[in-house]
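Survey of secondary and tertiary structure
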Protein chains: 2
Amino acid sequence: MILRPFLLLAFLTGAAAADDARPTMASVLEASEPADWRPLQDDDVLYLQLASGRVVVEMAPAFAPQHVANVRQLVRDKYFDGLAIVRSQDNYVAQWGDPESETDAARPFGKASATLPAEFFRDANGVPFHPIDSRDAYAKEVGFVNGFPAARDSATGDVWLLHCYGMVGVGRDTDADSGNGSSLYVVTGHAPRHLDRNVTLIGRVIDGMELLTTLPRGTGPLGFYESAAERVPLRQVRLGSELPKDQRLQVERLRTDTETFDRLVASRRYRAEDWFANPVDAIEVCNVPLPSRPTGSSVP
Amino acid sequence: MILRPFLLLAFLTGAAAADDARPTMASVLEASEPADWRPLQDDDVLYLQLASGRVVVEMAPAFAPQHVANVRQLVRDKYFDGLAIVRSQDNYVAQWGDPESETDAARPFGKASATLPAEFFRDANGVPFHPIDSRDAYAKEVGFVNGFPAARDSATGDVWLLHCYGMVGVGRDTDADSGNGSSLYVVTGHAPRHLDRNVTLIGRVIDGMELLTTLPRGTGPLGFYESAAERVPLRQVRLGSELPKDQRLQVERLRTDTETFDRLVASRRYRAEDWFANPVDAIEVCNVPLPSRPTGSSVP
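Being a predicted model, the structure only gives us computed values, none of them experimental.

What counts and how
- Residues numbered from 1 in each chain as written.
- Chains lettered and ligands numbered in written order.
- Predicted model: local features only at pLDDT ≥ 70, side-chain atom pairs only at ≥ 80, totals over all residues.
- Heavy atoms only, no water.
- Helix = DSSP H or I, 4+ residues; strand = E, 2+ residues; numbered from the N terminus.
- Rg over C-alpha atoms; globule rule 2.2 N^0.38 Å.
- Buried < 20%, exposed > 50% of the residue type's maximum accessible area, 1.4 Å probe, protein only.
- Contact = heavy atoms within 4.5 Å.
- Areas by Shrake-Rupley, 256 points an atom, 1.4 Å probe, with all protein chains shown as cover.
- Salt bridge = Lys/Arg side-chain N within 4 Å of Asp/Glu carboxyl O.
- Pairing = 2+ DSSP bridges.
- 1 Å grid on protein atoms, 1.4 Å probe; cavity = no way out; pocket = protein on both sides within 12 Å on 5 of 7 lines; lining within 4 Å.
- Points joined across faces, edges and corners; volume = space filled by probe spheres on them.
- Nonpolar A, V, L, I, M, F, W, Y, C, P; charged D, E, K, R; others polar.
- Least-squares fit on C-alpha atoms with pLDDT ≥ 70 in both.
- Disulfide = S-S within 2.5 Å.
- Axes fitted to C-alpha atoms, helices over the stretch in contact; angles between N-to-C directions.
- Polar contact = N/O pair within 3.5 Å; in protein donor to acceptor, adjacent residues only side chain to side chain.
- Phe/Tyr/Trp six-rings, centres within 6.5 Å; stacked < 30°, edge-to-face > 60°.
- Lys NZ or Arg CZ within 6 Å of the ring centre and 35° of its normal.
- pLDDT = per-residue confidence, 0-100.

A look at the overall build of chain A
Tallying secondary structure elements over chain A gives four helices and 17 strands in all. Against the compact-globule benchmark of 19 Å for 300 residues, chain A has a radius of gyration of 20 Å, which places it among compact chains. Dimensions along the principal axes, computed over C-alpha positions, put chain A at roughly 65 × 50 × 40 Å. Per-residue burial over chain A gives 59% buried out of 300 residues. Taking the intrachain contacts of chain A between residues at least 6 apart in sequence as the baseline, contacts between residues at least 24 apart amount to 71%. For chain A, the exposed surface amounts to about 11300 Å²; the carbon and sulfur share of it is 48%.

Some details on the environment of Glu273(B)
All names here are of chain B. Within the element layout of this structure, Glu273 appears in the loop between α4 (259-269) and β17 (292-294). Glu273 sits in the buried class, given a relative accessible area of 3%. Measuring from C-alpha to C-alpha, the distance between Glu273 and Cys164 comes to 25 Å, with 109 residues separating the pair along the chain.

Description of the pattern of salt bridges
Close approach of charged atoms allows side chains of opposite charge to pair. Residues and elements named next belong to chain A. Evaluated as defined, the whole model comprises 34 salt bridges over all chains. In this structure, Arg152 engages Glu141 in a salt bridge whose closest nitrogen and oxygen atoms are separated by 2.9 Å. Pair noted here: Arg152 is in strand β9 (residues 148-153) and Glu141 is in strand β8 (residues 141-145), with a separation of 11 residues, a long-range link. On the basis of relative accessible area, Arg152 is assigned to the partly exposed category, the value being 24%. Residues joined in a network through salt bridges with shared partners are Asp43, Asp44, Arg72 and Arg76.

Overview of the sheet that holds strand β6 (residues 122-123) of chain B
Residues and elements named next belong to chain B. Strand order in this open sheet of five strands is β6-β10-β9-β8-β7, and the pairing throughout is antiparallel. What marks the edges here is a single partner per strand, and that holds for β6 and β7 (130-131). Two strands pair when backbone bridges link them, and strand β8 (residues 141-145) and strand β9 (residues 148-153) are joined in this way by five bridges, in the antiparallel orientation. Looking across to β9, one finds that Val142 is bridged to Ala151.

Section: empty space enclosed by the protein
Under the definition given, this model contains eight cavities of 30 Å³ or more. In this model, the largest cavity occupies a volume close to 90 Å³. Grouping the constituent residues of the lining of the largest cavity by class yields four nonpolar, no polar and eight charged. Roughly 60 Å³ of internal volume is contained in the second largest cavity.

Some remarks on the relation of the copies chain A and chain B
Rotating chain A by 180 degrees about the axis while translating it 0.0 Å along that axis superimposes it on chain B, leaving an RMSD of 0.0 Å. With respect to symmetry, the two chain copies, as superposed, fit the operation of a two-fold axis. Here 100% of the interface residues in chain A have copies in chain B that are interface residues too; the copies meet face to matching face.

Points about the state of the cysteines
Residue and element names in this part refer to chain A. Throughout the structure, instances matching the rule amount to two disulfides over all chains. Across the disulfide, Cys164 is cross-linked to Cys286 (sulfur-sulfur distance 2.1 Å). Residues Cys164 and Cys286 are joined by a disulfide whose S-S torsion is about -75 degrees; by sign, that bridge is left-handed. You can see Cys164 sitting in the loop between β10 (158-161) and β11 (167-170) and its partner Cys286 sitting in the loop between α4 (259-269) and β17 (292-294), a full 122 residues away along the chain. As far as the burial class goes, Cys164 and Cys286 line up, both buried.

Considering the sheet that holds β17(A)
Residue and element names in this part refer to chain A. Here three strands make up an open sheet; going across it, the order is β1-β16-β17 and the pairing antiparallel. Edge positions in the open sheet fall to β1 (37-39) and β17, since each of these has one partner strand only. Taken over all neighbouring pairs, the strand axes of this sheet differ in orientation by 40 degrees on average, direction set aside.

Overview of the interface of chain A and chain B
Bring the parts together and some accessible area is lost; that lost area is often taken as the interface size. On the side of chain B, 78 residues touch chain A, which itself brings 78 residues to the contact. Across the contact surface, chain A and chain B share 31 residue pairs in polar contact (both at pLDDT 80 or more). Among the secondary structure elements, those contributing two or more residues to the side of chain A that touches chain B are β4 (84-88) and α3 (209-213) of chain A. Examining the composition of the side of chain A that touches chain B, we find that three residues originate from one element, α3(A), more than from any other. Across the side of chain A that touches chain B, the residue classes break down as 41 nonpolar, 20 polar and 17 charged.

Some remarks on the packing of aromatic side chains
Geometry of an aromatic ring pair is reported as the spacing of the ring centres plus the angle between the planes. As enumerated under the stated definition, the model contains eight aromatic pairs over all chains in all. Ring centres 5.6 Å apart and planes at 45 degrees place the aromatic pair Tyr79(B) and Phe109(B) in the tilted group. Residue Tyr79(B) is located in the loop between α2 (65-76) and β4 (84-88), and its partner Phe109(B) is located in the loop between β5 (93-97) and β6; the two are separated by 30 residues in the primary sequence. Pair check on accessibility: Tyr79(B) and Phe109(B) agree, each one buried. An aromatic cluster of three or more residues is present, and its members are Tyr79(A), Phe80(A) and Phe109(A). The ring of Tyr270(A) carries Arg22(A) above its face, with NZ or CZ at 3.6 Å from the centroid.

A short note on α4(B)
A turn of α-helix holds 3.6 residues, and therefore any two residues three or four places apart point the same way. Residues of α4(B) that are buried: Thr260(B), Phe261(B), Leu264(B), Val265(B), Ser267(B), Arg268(B) and Arg269(B). Packed against the buried residues of α4(B) are α1 (25-30), β7, β8 and β16 (251-254) of chain B.

Structural notes on the side chain of Thr258(B)
All names here are of chain B. Of note, Thr258 is situated in the loop between β16 and α4. At 3.0 Å, the side chain of Thr258 and the backbone nitrogen of Phe261 are in polar contact. Once you skip the residues sitting within four places of it in the chain, Thr258 turns out to touch Asp36 and His130.

Quick word on the pairing of strand β12 (residues 184-187) of chain B
All names here are of chain B. On β12, burial covers both faces: Leu184 and Val186 on one face and Tyr185 and Val187 on the other are all buried. Across four bridges, β5 lies against β12 in antiparallel orientation. Note on β12: the bridge partner recorded for Val93 is Val187. Taken together, the three bridges between strand β11 (residues 167-170) and β12 define a ladder with antiparallel strand orientation. Within the sheet, the bridge partner assigned to Val170 lies in β12 and is Leu184.

Structural notes on the confidence of the model for chain A
Residues and elements named next belong to chain A. When pLDDT is averaged along chain A, the result is 93, and 93% of the positions lie at 70 or above. The low-confidence segment residues 1-18 (pLDDT under 50) makes 69 contacts with residues lying over four places distant or belonging to another chain. Listed scores for the predicted complex are pTM 0.94 and ipTM 0.93.

What to know about the pairing of strand β13 (residues 201-207) of chain A
Residues and elements named next belong to chain A. The buried count for β13 comes to six of seven residues, which makes it a mostly enclosed element. Pairing of β11 with β13, which is carried by three bridges, proceeds in the antiparallel orientation. Opposite Val168, over in β13, you have Gly203 as the bridge partner.

Here it is, written out as structure tokens:
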């Protein structure tokens, strides 16, 4: 009897035999060295506690220094504690913040800034951009910087983060400088890359993503929840540096500036697993996996 | 007070003023003619009844005639009734079929075929391929055929459907010819385009997608549910032609071979809504929306 419901198994596990000359992701990770992995920086990590579990966001201060600093300030002031996820729009974003932000009951920002200059892109000078070979619909050159998907334009000298699945951005109004990080959204569907360079991206969900993607979709316009009861409370939001060490996520992330990473990308461009009848030998930047492993592990 | 949680409103509604020379999606749809819309063919439409509601799939017999015919046979024989969604893997797929397919208790296929030749691509001859201007990571030329995202290779003379969000494919084992449509999956995350030409795609979810995307993720390998209790029963699956007329989805779909559609694509390439600080003037094929409207409606 054919393993019908388990179709697609072969090409996602390392179990299937592969052409020796063509590594699989599993074989690449197995051959990785400790130096191919990087630790998390505790001050760059947000922990969002929901009733259903914990969502972990790695922030990218190199791209959005002012917004990341403001988010850190808001977190330290416990601004987010007791606020809520206010929106879930299918194939698009989930978003959290202050449901009362438009009213007199809006929570004050305290020492944090109420608005900030947009950080949609930055000068590519000095940024360790690691390109990949990919024909991209939206940018001339795509790759990775410090573990985040990014694009570069050598004509303008700019580099910017990309709206791939799981990326976290700063809510804003029509004015480009109207955001401050008090309302954040995460991409939960196909990459809305037209938002690139139109929003300040501050990081990416690296754990607990399924807690956000499985949220009921809001029935209001743009997926906003129509009643307070539908909103999903944020019990607390903390920085890694605020948590006891044993409560921090104990993972390391694959570096994206190594030969091992290049081999991983190659293994996903050409899928050598037996299941693939027609490997395409191409990849789109948002389809490049960014693996984590338990800290200090010698296996993926 | 800034409308913080409602950020991103402007660029998704037609409300924002736009450059007159640059239409928005809303203005394009408002200007559409009845001939820009097409009805559903009842024999091409699958209705999956779950406890939570109804999922509607439009099938693409032009691309997978044998698989679509087999699925119709299975549906008419009530093969799917009482089976289940067996898998939900985050940022990838949800899948349904017979949980007992590997056991002696597997449900028999009756008059339907147990296996079928792969229908991964087809001869482009005679296929009304409507290209769009898009630089694609995976294919030389992308566009639409009869409302479905597709690619074409003039060198090989092939055309095939694309694994965009919501597309429905046929589960198979390692053997390319091992599927028969009794196990189907739907893309619930970023488009896994490396599966193109490796799986027979049979259609797309056109209604009720959120019922599939919000399913709890399975905790087994590849997102399979680990216990019978976690599986989501398929109460019944019917063709439109089997349902009373008033129970069929009363929508028409925007045609993808018209000047109106070209204008819609243009409106999504260059986002003229005020919110956009940096319209990119580019689009990726899976980001082209495929609107429905109530049958006979004069407004979108």
